[in-house]
Amino acid sequence: VLVAKNVTTKYTERSPENTRAIRAHIQSLIDASPGNVAVFAPSYAMLNDVVLEGHFSGVRIMAENREWTKQDLDQVVDTLLEEKRSGRKILLAGVFGARLSEGVDYHSGALDAVACIGIPNSPPSVLSKALKTYAEERFGRNLAWRYTVSQPAVNSILQAMGRPIRSIGDRALILLLDRRVTDRTYAGCFPADLRMN
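Residues numbered from 1 in each chain as written. Predicted model: local features only at pLDDT ≥ 70, side-chain atom pairs only at ≥ 80, totals over all residues. Heavy atoms only, no water.

### As for the environment of Ser33
Applied cut-off: Comment: elements are numbered from the N terminus, with helices defined as DSSP H or I runs of at least four residues and strands as E runs of at least two. Residue exposure (1.4 Å probe, protein chains only): buried if accessible area is under 20% of the type maximum, exposed if over 50%, otherwise partly exposed.
Structurally, the position occupied by Ser33 is in the loop between helix H1 (16–32) and strand E2 (37–41). The buried category is assigned to Ser33, whose relative accessible area is 5%. Counting along the chain gives 81 residues from Ser33 to Val114, while the straight-line C-alpha distance between them is 10.0 Å.

Next comes the structure, spelled out in structure tokens:
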């Protein structure tokens, strides 16, 4: 697991330079990977801005579509395996919490690497505020933030990170594209035995 410490998706720090740096990291991952690469973003808007509006060489981009059926999703893995056997690469682009990042079994080494862009914190809402207030009363302010904001976001990242690891012998390179994952707020939510470089 590698962390890119020079990029973030924190709203106040977004810039064209930051987007270019994220794209450069993704291109490096594509260049160094022997096969297919998946990239996941916190939202469809960010996926579009960072990945789909960028240019990546050496791959064909296959982007998640909200209209896909179960049959379309099953075809994704077959396409990934077919392209890998032919010596070509696919950049599979999806969103945290959606079907490509949680609902597909990428068996037989279909993916060689995963890039996780940002931290998928849910946007503020009446429900999330009420849940946070309840958790504050029950567990205290620090634990309330962890239980309602940081842990659910990290769980989505962990789901995406695990996409290429489907059996005990599988290996993959995971690239986390946000320096905030090493901050105490989020780092404590990852498994204790996970080493980030």
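### A word on the pattern of salt bridges
Here is the rule we go by: Only one rule defines a salt bridge in this text: a Lys or Arg side-chain nitrogen within 4 Å of an Asp or Glu carboxyl oxygen.
Inspection of every chain in the model, using the stated rule, returns eight salt bridges. The partner of Glu83 in a salt bridge is Arg88, and the shortest N-O contact between them spans 2.9 Å. Accessibility expressed as a relative area gives 10% for Glu83, which makes it buried. Residues Arg180 and Asp178 are paired through a salt bridge, measuring 2.9 Å at the closest nitrogen-oxygen approach. In this structure Arg180 comes out as buried when scored by relative accessible area, which is 15%. Look at Asp178 and you get buried, because its relative accessible area is 0%.

### Notes on the side chain of Thr79
Inclusion rule: By definition, residues are in contact when any of their heavy atoms lie within 4.5 Å.
Mapped onto the secondary structure, Thr79 falls in helix H3 (residues 70–85). According to the relative accessible area criterion, Thr79 is buried, its value standing at 16%. Apart from residues lying up to four places away in sequence, Thr79 is in contact with Arg60, Met62 and Ile90.

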